[in-house]
Amino acid sequence: MEKIIALAKRRGFVYPSSAIYGGLANSYDYGPLGAELLKNLRDVWWQYFVHRREDIVGLDTQILQRPEVWVASGHVSAFVDPVVEDKVTHKRYRADHLIEDWFEKNKQEKINAGNLSLEQMAELIKKHNIKSPDGNEVTDPKRFNLLFETSIGVVEGSKSIVYLRGETAQGIFINFKNVLDSTRVKLPFGIAQIGKAFRNEVTTGQFVFRTLEFEQMEIEYFFNPDNDWRQYYDELKDYYYKFLTKIIQLSEKKLRWRLHSDEERSHYSKMTEDLEFQFSFGFKELLGYAYRTDYDLSAHLKHSNVDLSYTDPETNKKFIPHVIEPSIGLNRLFLAVLENAYLQDSENDRVVLRLPFVIAPYKLAVFPLLANKPDLLAKARQIYQVVSQKYHCYWDDRGNIGKRYRYQDEIGTPYCVTVDFQSLQDNTVTVRDRDSMKQIRLSADKIISFIETENENSSK
Ligand code: GAP
């Protein structure tokens, strides 16, 4: 993890946020390469789920909504974490995480403390004399709401509280009727959204895994509850798994499904599974996959008095659709992608990010073999200008060629094109493959078609 954090900072993927003022816990900014990687992940996700499927449409809703949305959804009352406070430093910690860490460290036992009641957690903390990470006593656990509050209104006294959305899903539910009325969708169909969500997280130190502000990519897939829910559940689950393993190319060895127990499941769900990824700090949730039933639409119907039912065009039967929800954090996926791609290749004395072509920040780099030869520079520039019309392309004429290759390996650029003296004679260049380090020579006019052929099965 330290190596990945260092690489992310050194090469401009991720910076600690507000660093010049001492930093802000659980907040990160994304540098030029991080911004590209995030954008590519968003784009391939949208293309795979929204553009490639006839039955899923997109949506883009507000971060601030009427507070009633969060009352109806249950977040105001139930979106809580058990939190303890260090009696000396007054820093706050997740009680369940503190207990789990203590058991792992002292008993070499992996337990799931998320299922325990506040009283059970308090008992364990007392029994084992569990202290804060600073070694101080902690208070009894209390419920702490994760929703961030802010207020609308400029005149003192006339402000009203609103919440920053804790998940993007509610924007989908409250627009369900709008989508039905304004498009030609028919059940079963899904609505997808990518956007920021905010949670007042107290656990620190997990890099971009858990942050105050993050992006979610969520789908609500609506269907008629008279039909077998399992069929929709399994189809979308398989389709999603293919996205993560075939398009994003996460290693299957690092993925596993974990079924939530009754106690652990969220207030809205009838069945939830997490797809866990093996991060450097253990298997942790990457994707939440939940059968949310009609919980949300029914709750909004009840609180708003607006009819959110669906009428079957064939049978004229009216009902509230049920929903299956895959929800993934874009930033968590970003971290999984970095961990999955990172390779310390000691044999070749290099670090390489084996990012799939579709998400790599730069698809290729173009170099003149020597920077001080005007003929080579001009020829390389000319080639760069052509290929950069098609692909995001890196230009580099500094340092020696070996250093340039190492730099591109570290930022995950799949191909390096070098223009040398032979290029001036016969218009050929060398193309070096990042992973195999093999070089081939081909005509400069064939660079684009070569790359296209090599990657034709990916979903660029
Ligand atoms: N709409 C359902 C929902 O929000 P969740 O399991 O609370 O379910 C879904 O969140 C996904 O969002 C998680 O699997 C994770 O990838 C991401 N996520 C949740 N909290 C996060 C945080 N504080 N920082 C980064 N990602 C987060």
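Some thoughts on the domain arrangement of the protein
We note that the domain assignment places domain 1 (2–67 + 147–341), domain 2 (80–145) and domain 3 (362–458) within the protein. In this structure, domain 1 and domain 2 have C-alpha centres spaced 28 Å apart. At the interface, 10 residues of domain 1 touch 10 residues of domain 2. Approximately 810 Å² of surface area, both sides summed, lies buried where domain 1 meets domain 2, with 45% of it carried by carbon and sulfur atoms. Seen at the junction of domain 1 and domain 2, the total is zero salt bridges.

Quick notes on the sheet that holds strand E10 (residues 213–223)
Read across the sheet, seven strands follow the order E3-E9-E10-E16-E13-E12-E11 without closing on themselves; strand pairing throughout is mixed. Of all strands in the sheet, those with a lone pairing partner are strand E3 (56–59) and strand E11 (255–259), marking the two edges. With strand direction ignored, the average angle separating the axes of adjacent strands in the sheet is 25°. Two strands pair when backbone bridges link them, and strand E12 (residues 271–279) and strand E13 (residues 282–293) are joined in this way by nine bridges, in the antiparallel orientation. If you follow leucine 275 over to E13, its bridge partner there is leucine 287. Those strands touched by helix H2 (residues 32–51) are E3, strand E9 (189–198), E10 and strand E16 (322–329), and its axis lies near 160° from that of E9.

Some points on the pairing of strand E4 (residues 80–85)
The pairing of E4 with strand E6 (residues 142–145) spans four bridges and is antiparallel. If you follow valine 83 over to E6, its bridge partner there is lysine 142. Of the strand pairs in this sheet, E4 and strand E5 (residues 92–94) are connected by three bridges, and their pairing is antiparallel. Across the sheet, residue valine 84 finds its bridge partner in E5, namely tyrosine 93.

A look at the sheet that holds strand E22 (residues 428–433)
In spatial order, the strands read E20-E19-E21-E22-E23; together these five strands make up an open sheet with mixed pairing. The strands lining the two open edges of the sheet, one partner per strand, are strand E20 (393–395) and strand E23 (439–443). Each strand axis lies, on average, 25° off the axis of its neighbour in the sheet, ignoring direction. As judged from the five bridges shared by E22 and E23, these two strands associate in the antiparallel manner. Each residue of the ladder has a partner; that of valine 429, found in E23, is leucine 442.

Looking at the packing of aromatic side chains
Enumeration over the complete set of coordinates arrives at 35 aromatic pairs. The interplanar angle of 55° and the centroid separation of 5.9 Å between the aromatic rings of phenylalanine 367 and tyrosine 405 together place this pair among those described as tilted. Within this pair, whereas phenylalanine 367 is found in strand E19 (residues 364–368), its partner tyrosine 405 is found in helix H13 (residues 401–411), the two being separated by 38 residues in sequence. When its relative accessible area of 10% is taken as the criterion, tyrosine 405 is described as buried. An aromatic cluster is built from Tyr221, Phe223, Trp229, Tyr232, Tyr233, Trp257, Tyr289 and Tyr291, whose rings are joined through pairwise contacts. A cation over an aromatic ring shows up here: arginine 53 above the ring of tyrosine 239, its NZ or CZ 4.6 Å from the ring centre. The ring centre of tryptophan 395 lies 4.1 Å from the NZ or CZ of arginine 381, which sits over that ring.

Thresholds, definitions, all that
- Residues numbered from 1 in each chain as written.
- Predicted model: local features only at pLDDT ≥ 70, side-chain atom pairs only at ≥ 80, totals over all residues.
- Heavy atoms only, no water.
- Domains from an automatic or database assignment.
- Contact = heavy atoms within 4.5 Å.
- Buried area = accessible area lost by both parts, 1.4 Å probe.
- Salt bridge = Lys/Arg side-chain N within 4 Å of Asp/Glu carboxyl O.
- Pairing = 2+ DSSP bridges.
- Helix = DSSP H or I, 4+ residues; strand = E, 2+ residues; numbered from the N terminus.
- Axes fitted to C-alpha atoms, helices over the stretch in contact; angles between N-to-C directions.
- Phe/Tyr/Trp six-rings, centres within 6.5 Å; stacked < 30°, edge-to-face > 60°.
- Buried < 20%, exposed > 50% of the residue type's maximum accessible area, 1.4 Å probe, protein only.
- Lys NZ or Arg CZ within 6 Å of the ring centre and 35° of its normal.

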